[in-house]
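Each chain, written out:
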Amino acid sequence: MDEAGTLALLRFFASVHDLGKFSLPFQNMVPELARRLGIPEWRAEGGPHHTELGMGLWSEVAPQVRIMLRAENKRCLSPLAAAAFGHHGEPVSACSNVKRFFKGTECEAQAFVKDMADLFLGGVSLDGVGENGLCRLSWLAAGLFVLSDWVGSNSEWFEARAEVGDVSEYWGYAVDRARIAVAETGVLSASPSGRLSFHEYFPGLPDDASPHPLQRYVLDLPDPDGPELLILEDQTGGGKTEAAILAAHRHMRAGTSAGVFVGLPTMATSNAMYARLAQSYRRLFADEKASLVLAHGGRALKEDYLESIGLEAIRPASVGGEGGFWEGGAACSAWIADNRKKALLAPCGVGTLDQALLGVLPSRHQCLRLLGLSRSTLVADEIHSYDEYTGTLACSLLSFHAALGGSVVLLSATMTRELREKLVRAWVRGRELAGGTTLPEMTVRETAFPLATRVMDTCLTETPVAASRRLDVAVTPVSDEDAMFAALADAHRAGACACWVRNTVGDALAARRRLVEEYGVPAGDALLFHARFAGCDRQEIESQVLATFGKESRPEERGGKILISTQVVEQSLDLDFDVLLSDLAPMELLIQRAGRCHRHQARTGRPEGYRSARMLVLMPEPVEDADAEWYGRVFPSGRYVYPRPDVLWRTARLLADRGRLLLPEDARALVEGAYAGDVPEALLDEALQELGKEYADKAFAENNRLRFEAGYHRRSSGTVWDRDQKTPTRLGQTTRQVRLVRVREGQLALWGAARPDDASMRACLRSEVRLSAYKLAEMVVPPELQTALDVLTERMPDKGRWSLLVPLVEREPGRWFGAGRNEKGQVVEVRYVEGEGAEIDG
C-alpha cells in the first residue's frame, strides 16, 4: 500500500481502539455519569476486559468497513484489529455473546465506527489484499497504538472534555495537542548530523590518533541503499565499538536508520558503554536534545544516568548547547526514562541485549520495544557469548529486525564459523519475510581474522582486515591451586596488579579469603568483584575496579592490587592487568580474559618481571585417559557453569601444546579447534548429554519466540503472554530477586536507603541482589519483626510484589544474618558480608 493509505488505516484503527468502552460494564464504572447519559444499568460483577469486548464488537461491525474498503478477504483487517484492540500490551481474544454487553449502546458504538471510517478511510482500497497482507504492519502498528494510548491518556496533554461537538473539529484540536505531546515525550526521531571527521566522532582521542583498519573499512564503505548486516570480527581492543558507531551513523545519514541501540551481555558492560557514549553520542545528531537512554534493570543505580534525566527536566528552553553542565553531558527525556519498556524509543540507547530480546518474546508490551528498535541500527556486542537458548532468541531478533527494515552490526572477538553462518541465515530469513521473495544464496567461506562480513539483499561480501594490534600472551598451565595463590602473592610484593578470574562466585569468595588469611595480602589490596552484591555495593565496586585497573589508572593506584573476580570482567570492560590468572573455561572465553592482560599496550611503568603478558590457567592435565570426573574433580561447582567436558579438554590440550595465545594468527585455529576433534572416550557420554540439553534449550526457545509471519496475534507464540519478569531471555539456575533489609534495634530500613525512612524505588533497587531460588524459596521472619516489615513493604512503590524481603541482623561488625527455607522446606542461613556479598548456607 502507499503511504497515504497506510496512514489512513492506522488512524482509523487508532480511533476505534477503545471501542470496548461503549460497553455497559465500562460505562457503569461511574454509575452517576451513566445515569446522566441515559446508559442502561449494569449490575453484574466483573466481566471481560474492555479490550476483549472491543474485539468482539469489531467482529460485528467489520463487514461494513470491509465493504467501504472494497476488501474481498474476510480476515484481511484482522492483523490491524488485533494490534488496535491489543493496545494494553498483548493480543486479546474476542468476547463471545458480545451483544449482551452492549445492549442499549450498540447503536452508538456502530455510529462511532462509521464516523471514524468516514473521517479517515475515504478513497482507501484493500482490493486484492489477503489475510496475511497486513501482518508485517501489525507488529509496528501494535507498538504505535500502545505508545499513542499512553500519550493520549495523559491528562497533562489531553484534558477531559464534557462537550466534544463535531468530530472533525475535535480531530483538528487533537492533532494540535498531539504535536506538542509527542515533542515533549522525546520519542520523535532526531535528525542525524552530516559526515564527520574521525576525530569529530570521538573527541576524546589523542590528536595523532588514526582509524584502526576495521574503522577505516567502515569509513570507506559506500552509503547503503537499504538494510544491511555487518559482522565485525577483531580481537579485544581492536576498535570494534567505534567501528559500529561509525556504521550506525552511516545508516542514519543514508536514511535507512534514525538512531542506534547498543546491546551488551551484562549490566556492568552496559554501564561502561553508557559512560563511553555519553561523551560523544551528541555528535551523531543535529538535534542537541536527542536522548541517550540506559536500558537495564539496575539503571536507577547509575548516578550519571539519573543526572541526565534531571538535566533534561531543568534546562531552560532558551538556553543553547554551549557551556555549563550541558556541554559534553548526556540527556534523556524524563518521559522515556520512567519505564524500561519505553527505553528503545530513544534515538540513542545502551543496555543489555535482553531489553531487545523481549521484543521477540510473548512479554507484555513487547511491541513497544519492537517499534522503537525498528527505526534504529541494532549493535550487539560480544554476540558469541550467549548459550543455545539466548542465541536462538538473538537469531529470531535478527530476523524480526531485518523483516521490519532495520540494520544490524554484530561484534565479536571469538566467533566460530558455524555461528557466523547461523547469524547470516537468520538475517536472510528476515529479509525474505520482508519482501516475500527468496534472496540469492549467501554462504560464508572466508577464514581470515580480523574479518568484516557484509550482507545486503543482493549479495554477501567477506573482507579480510588488517590487525590493529597483536595479542601475544604466554600461557602457563597450572594443576596446583597453591601455585595460583603464590603467583598472586608474588605479584603483590612486586608492585604488579593481577586478576584471577574464577568460574563461580563461591570459588571467588574462597580464593579472596585464603589470599588474605593465608598469604598475607592486605584486605584493602584484595578486591572482590562478582554478581552477588546488593545493587548499591556492586555499583561502588564496579566503579572502584574501573578506576583501579582502567585505562586512566596510575601506577600508584594499581600497583600491588589484586582482583578476584568472576566472568563479569571478561566482556567489554576496559581493564588492564600486569598478569592474569584464570580457571579453565572454553577457549573463546579464555581469549576474552587474556585480552585483559597488557590490554593497554602503550602503558609504561610495569614492574620488572611483568613487562610481557602472561596468563596462568588452573586446569587438570589433558591426559589421553581422562575419566568422566576429569574437570569436576578440580572444579566441583564450575562443572555446572561449563558443562561441555569435550570443549574444556580440547581447550586444555591446545593451551598445553601451544603454550601461548597468539592473535590474530591463531585465532581461528584456537576457537574452531576447541569445538572439533577427538576427545577421551570417557568424556563423550557427558558431552552428548550436554549436546542433548542444548537441543532441548533450542527447542524451548523456538517454542517461546514469536513468529513474525503470524502477525500480532496470540497464535504467533507457542506459549502464554506474560510480564517481563516471567518471560525468560536467558536460562540457567532459577534465581529470586531478593531485597535486603537492615534490622537495628527493632527498626527496619532498606539496605541501600539514603536515610532510614527511604523506601523509594531507587532505594529498593539499590538493596536488591539475585540469589538461587532453590536455595532460598522463602524467608523466616521473626514474629517481632513481621509488623514492621509489613509497614515497610506497604511504603514501597511496588509493595515488594516481585521481591523476597530478607531482614538481616548484624551479629558481628560487617556481617549480617537472616534465616529462610530452601525449596525442600529446610532452614538455611542467609549471610551478607560487607565487601564479600551474599551467601546461603544449609
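Whatever comes next refers back to the structure up there.
Residues numbered from 1 in each chain as written. Predicted model: local features only at pLDDT ≥ 70, side-chain atom pairs only at ≥ 80, totals over all residues. Heavy atoms only, no water.

J.: What am I meant to see in the overall build of the protein here?
T.: Helix and strand counts for the protein stand at 29 helices and 23 strands. In terms of overall size, the protein behaves like a compact globule, its C-alpha atoms giving a radius of gyration of 29 Å where 842 residues would be expected to give roughly 28 Å. Its C-alpha atoms give the protein principal-axis dimensions of roughly 85 × 70 × 65 Å. Taken across its 842 residues, the protein has 56% of its residues classed as buried. A separation of at least 24 residues holds for 76% of the contacts in the protein among residues at least 6 apart in sequence. Seen as two clouds, the 97 positive and the 115 negative side-chain charges of the protein have centres 2 Å apart. (Helix = DSSP H or I, 4+ residues; strand = E, 2+ residues; numbered from the N terminus. Rg over C-alpha atoms; globule rule 2.2 N^0.38 Å. Buried < 20%, exposed > 50% of the residue type's maximum accessible area, 1.4 Å probe, protein only. Contact = heavy atoms within 4.5 Å. Lys, Arg positive; Asp, Glu negative; His and termini not counted. Charge placed at Lys NZ, Arg CZ, Asp CG, Glu CD.)

J.: Explanation requested: the sheet that holds strand β9 (residues 471–478) in the structure shown.
T.: Backbone-to-backbone hydrogen bonds join strands into a sheet, with any given pair of strands oriented parallel or antiparallel. Strand order across the open sheet formed by seven strands is β11-β12-β10-β13-β14-β9-β15, with mixed pairing between neighbours. Bordering the open sheet on either side are β11 (526–529) and β15 (660–663), each of which pairs with just one other strand. Pairwise comparison of adjacent strand axes, ignoring direction, gives a mean angle of 20° for this sheet. Both β11 and strand β12 (residues 562–565) contribute to a ladder of four bridges, which runs parallel. If you follow phenylalanine 529 over to β12, its bridge partner there is serine 565. Of the strands in this sheet, β11 and β12 are in contact with helix α21 (residues 535–549), which crosses β11 at around 125°. (Pairing = 2+ DSSP bridges. Axes fitted to C-alpha atoms, helices over the stretch in contact; angles between N-to-C directions.)

J.: Sorry, what's going on with the pattern of salt bridges here?
T.: Once the charged atoms of two side chains with opposite charge are near each other, the side chains can pair. Summed over all chains, the structure comprises 60 salt bridges. Across the pair arginine 420 and glutamate 462 runs a salt bridge whose closest N-O atoms are separated by 2.7 Å. One end of the pair, arginine 420, is in helix α18 (residues 417–435); the other, glutamate 462, is in strand β8 (residues 460–464), with 42 residues separating them in the sequence. When its relative accessible area of 1% is taken as the criterion, arginine 420 is described as buried. Through salt bridges with shared partners, a single network forms among Arg512, Arg513, Arg811, Glu829, Arg831, Glu836, Glu839 and Asp841. (Salt bridge = Lys/Arg side-chain N within 4 Å of Asp/Glu carboxyl O.)

J.: Is there a simple way to think about the packing of aromatic side chains in this case?
T.: Given two aromatic rings, one states the distance between the centres and the angle between the planes to describe the pair. Under the criterion given, the structure shown has 23 aromatic pairs. Centre to centre, the rings of tryptophan 42 and phenylalanine 101 are 5.4 Å apart; their planes meet at 40°, and the pair counts as tilted. In this pair, tryptophan 42 is assigned in the loop between α3 (31–37) and α4 (50–68) and phenylalanine 101 in the loop between α5 (78–85) and α6 (106–120), connecting sequence segments 59 residues apart. Take tryptophan 42 and phenylalanine 101: they sit in the same class, and that class is buried. Relative to tryptophan 500, the ring of phenylalanine 485 has its centre 5.2 Å away and its plane inclined at 80°; by these criteria the two rings are edge-to-face. Placement of the pair is phenylalanine 485 in helix α19 (residues 481–494) and tryptophan 500 in strand β10 (residues 498–501), with a sequence separation of 15 residues. In this structure phenylalanine 485 comes out as buried when scored by relative accessible area, which is 1%. Among the aromatic residues, ring-to-ring pairing joins Trp139, Phe400, Phe708, Tyr712 and Trp721 into one connected group. One Lys or Arg, arginine 161, reaches over the ring of tyrosine 173 and ends 4.7 Å from the middle of that ring. Over the ring of tryptophan 335 we find lysine 342, and its NZ or CZ is 3.6 Å from the ring centre. (Phe/Tyr/Trp six-rings, centres within 6.5 Å; stacked < 30°, edge-to-face > 60°. Lys NZ or Arg CZ within 6 Å of the ring centre and 35° of its normal.)

J.: When you look at the packing of α5 against helix α7 (residues 135–152) in this model, what are you seeing that I'm missing?
T.: Helices that pack against each other are described as a pair by the angle of their axes relative to one another and the distance between those axes. Close contact between α5 and α7 brings their axes to 8 Å; oriented N to C, the two are set at 20°. With respect to their mutual orientation, α5 and α7 come out roughly parallel. Like other packed secondary-structure pairs, α5 and α7 cross with a definite hand, here right-handed. Along its contact with α5, which presents Pro79, Leu80, Ala83 and Ala84, the element α7 presents Cys135, Leu137, Ser138, Ala141, Ala142 and Phe145. Tallied by class, the residues present in the contact of α5 with α7 amount to nine nonpolar, one polar and no charged. (Parallel < 35°, antiparallel > 145°, perpendicular 65-115°, else oblique. Left-handed = near helix turned anticlockwise from the far one by under 90°. Nonpolar A, V, L, I, M, F, W, Y, C, P; charged D, E, K, R; others polar.)

J.: Sorry, what's going on with α5 here?
T.: Given 3.6 residues to a turn, an α-helix orients residues that are three or four positions apart in the same direction. Here α5 lies mainly inside the structure; seven of its eight residues are buried. Of the positions making up α5, those classed as buried are Pro79, Leu80, Ala81, Ala82, Ala83, Ala84 and Phe85. On its buried side, α5 packs onto α1 (3–15), α4 and α7.

J.: Could you clarify how one ought to interpret α21 in this entry?
T.: Its 15 residues give α21 an end-to-end C-alpha distance of 21 Å, which sits within 8% of 21 Å, the value for a rise of 1.5 Å per residue. Where α21 is concerned, the buried positions are Gly535, Cys536, Asp537, Arg538, Gln539, Ile541, Glu542, Val545, Thr548 and Phe549. (Expected span 1.5 Å × (residues − 1).)

J.: What am I meant to see in the environment of serine 333 here?
T.: Mapped onto the elements, serine 333 comes out in the loop between α13 (303–314) and α14 (334–337). Here serine 333 falls in the buried class, since its relative accessible area comes to 4%. Distance from serine 333 to valine 579, taken between C-alpha atoms, is 43 Å for residues 246 residues apart in sequence.

J.: Hey, could you run me through the nonpolar core in this one?
T.: Considering soluble globular proteins, one finds that nonpolar side chains tend to be buried as a cluster. Counting 113 residues, the largest nonpolar core has Phe12, Phe13, Trp58 and Leu77 as its most contacted members. For this core, the leading source of residues is helix α17 (residues 388–403), giving nine residues. Those residues in contact with phenylalanine 13 that lie beyond four places of it in its chain are Trp58, Leu77, Leu80, Ala81, Ala84 and Phe145. Counting 108 residues, the second-largest nonpolar core is a separate cluster that includes Ala272, Met484, Val505 and Val679. (Core = buried A, V, L, I, M, F, W, Y, C linked by side-chain atoms within 4.5 Å.)

J.: Even after reading the chapter, I still don't get the pairing of strand β14 (residues 614–618), so can you show me in this structure?
T.: The two faces of a sheet get side chains in turn, since along a regular strand they alternate between them. Counting buried positions along β14 yields four of five residues, so the element is predominantly enclosed. Bridge count for β9 against β14 is five bridges, and the pairing is parallel. Note on β14: the bridge partner recorded for valine 475 is methionine 615. In this structure, strand β13 (residues 579–583) lies alongside β14, joined through four bridges in parallel fashion. Bridging across to β14, aspartate 583 finds its partner in leucine 618.

J.: Help me understand the sheet that holds strand β1 (residues 229–233) in this model?
T.: Strand order in this open sheet of eight strands is β3-β4-β2-β5-β6-β1-β7-β8, and the pairing throughout is mixed. Single-partner strands in this sheet number two, and they are β3 (292–295) and β8. The average angle at which neighbouring strand axes cross in this sheet is 15°, direction not considered. With five bridges connecting them, β1 and strand β7 (residues 451–455) associate as antiparallel partners. In the strand pairing of β7, leucine 229 is matched with valine 455.

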